[in-house]
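Spelled out, the chains give:
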Amino acid sequence: AQSVDQPDAHVTLSEGASLELRCSYSYSAAPYLFWYVQYPGQSLQFLLKYITGDTVVKGTKGFEAEFRKSNSSFNLKKSPAHWSDSAKYFCALEVLASSSFSKLVFGQGTSLSVVP
Amino acid sequence: AQTIHQWPVAEIKAVGSPLSLGCTIKGKSSPNLYWYWQATGGTLQQLFYSITVGQVESVVQLNLSASRPKDDQFILSTEKLLLSHSGFYLCAWSRQGSSYEQYFGPGTRLTVL
């Protein structure tokens, strides 16, 4: 079965610290992986994706993510963290739903609080 | 640049009443279009997708229906709302094919009383 797991529902850290949000996936084929961010009361914004090639991908807002096939993970990183990074972060996996369509399976999300 | 607009911004409706939510994408021809539902504080659940005008596929059955009357328009509707329909409805688009990121609209917040 295809699934995405974000084991940390809430993460709190101090401004200036390094952040790493965890994401693991289960999928039998080569994964396409995405990170999105949702600020309070707002919609989702795309941060970055991994398709193939370099295992470290860079995205918007200073974020990067590392794909590790060995442990099926795609962790999001940023250093240093800023108070404006406080938001909910979703990891997503693209899975083949039919011969002509792929869909996104989202993790539960991690709420990040960056405190002064 | 592509823009995605959703209407209304918010709705408060009674149980059993009908609902119609809309989504328009400008600046992109023949996009894939998607409807998602998000419970308060929850994750996203894909409801429908469409790859072309007049064609809509259901991903999850929630007593909702969707239509794509024009290339740039996606409509979500139901004839009878349930309490469980409350939440945040998001429309998204992507380029056709796989591995392309989805871009989300601002969303419609629905409260069913």
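Preceding this section is the structure that the text describes.
Chains are numbered independently. Their residues run from 1 in the order of the written sequence. Labels follow written order: the first chain is A, the first ligand is 1, and so on. For this predicted model, a pLDDT threshold of at least 70 governs which residues receive local features, and a threshold of 80 or more governs which side-chain atom pairs are given and counted, while totals over whole chains, interfaces and linings are taken from all residues. Water and hydrogen atoms were dropped before computing side-chain values, which therefore reflect all heavy atoms in the structure.

Undergrad: Describe the packing of aromatic side chains, listing the residues and the values that go with them.
TA: The rule is short: rings of Phe, Tyr and Trp, with Trp giving its six-membered ring, pair when the centres are within 6.5 Å, and they are stacked under 30 degrees, edge-to-face over 60, tilted in between. One pass over the structure, following the stated rule, counts 16 aromatic pairs over all chains. Measuring from centroid to centroid gives 5.5 Å for A:Y36 and B:F104, while their planes differ by 85°, and the two rings are edge-to-face. Of this pair, A:Y36 sits in strand β5 (residues 32–38) while B:F104 sits in strand β10 (residues 103–104), which puts the two residues in different chains. The buried category is assigned to B:F104, whose relative accessible area is 10%. Relative to B:Y36, the ring of A:F106 has its centre 5.8 Å away and its plane inclined at 90°; by these criteria the two rings are edge-to-face. For the purposes of this entry, the term helix denotes a DSSP run of H or I that reaches at least four residues, the term strand denotes a run of E that reaches at least two, and both are numbered from the N terminus. Here's how the labels work: a residue is buried when its accessible area is under 20% of the maximum for its type, exposed when over 50%, partly exposed in between, all with a 1.4 Å probe on protein chains only.

Undergrad: So what's going on with the interface of chain A and chain B? Residues and values would help.
TA: At the interface, 22 residues of chain A touch 22 residues of chain B. Carbon and sulfur atoms make up 57% of the area that chain A and chain B hide from each other, which totals about 1700 Å². It is A:S43, A:F101 and A:F106 that lose the most area in chain A upon contact with chain B, and together they represent 28% of the buried surface on that side. Think of a salt bridge as a Lys or Arg side-chain nitrogen and an Asp or Glu carboxyl oxygen that are within 4 Å of each other. If you look at where chain A meets chain B, you find one salt bridge. Note on contacts: a residue pair is in contact if any heavy atoms of the two residues lie within 4.5 Å. Two parts placed together each lose some accessible area; with a 1.4 Å probe, that loss summed over both constitutes the buried area.

Undergrad: Which residues make up the nonpolar core, and what are the values?
TA: The nonpolar side chains of soluble globular proteins are, as a tendency, buried together. Residues and elements named next belong to chain A. The set of buried Ala, Val, Leu, Ile, Met, Phe, Trp, Tyr and Cys residues whose side-chain atoms join them within 4.5 Å is what this entry labels a nonpolar core. With 30 residues, the main nonpolar core has W35, L48, F74, L76 and Y89 as its most contacted residues. Elements supplying a minimum of two residues to this core: β2 (10–14), β3 (19–21), β5, β6 (44–50), β8 (64–68), β9 (73–78), β10 (87–98) and β12 (110–115). Apart from the residues within four sequence positions on either side, L48 is in contact with L33, F34, W35, V57, K58, G59, F63, E64, A65, F74 and L76.

Undergrad: Before we move on, can you summarise the side chain of B:Q102 with the specific residues and values?
TA: Topologically, B:Q102 is positioned in the loop between β9 (87–94) and β10. Accessibility expressed as a relative area gives 3% for B:Q102, which makes it buried. In protein, a polar contact requires one atom able to donate a hydrogen and another able to accept it; more generally it is a pair of N or O atoms within 3.5 Å, and residues adjacent in sequence count only if both atoms are side-chain atoms. One polar contact links B:Q102 to B:Y36, side chain to side chain, over a distance of 2.7 Å. Contacts of B:Q102, omitting those with residues within four sequence positions, involve A:Y36, A:F46, A:L104, B:Y34, B:Y36, B:A92, B:W93 and B:S94.

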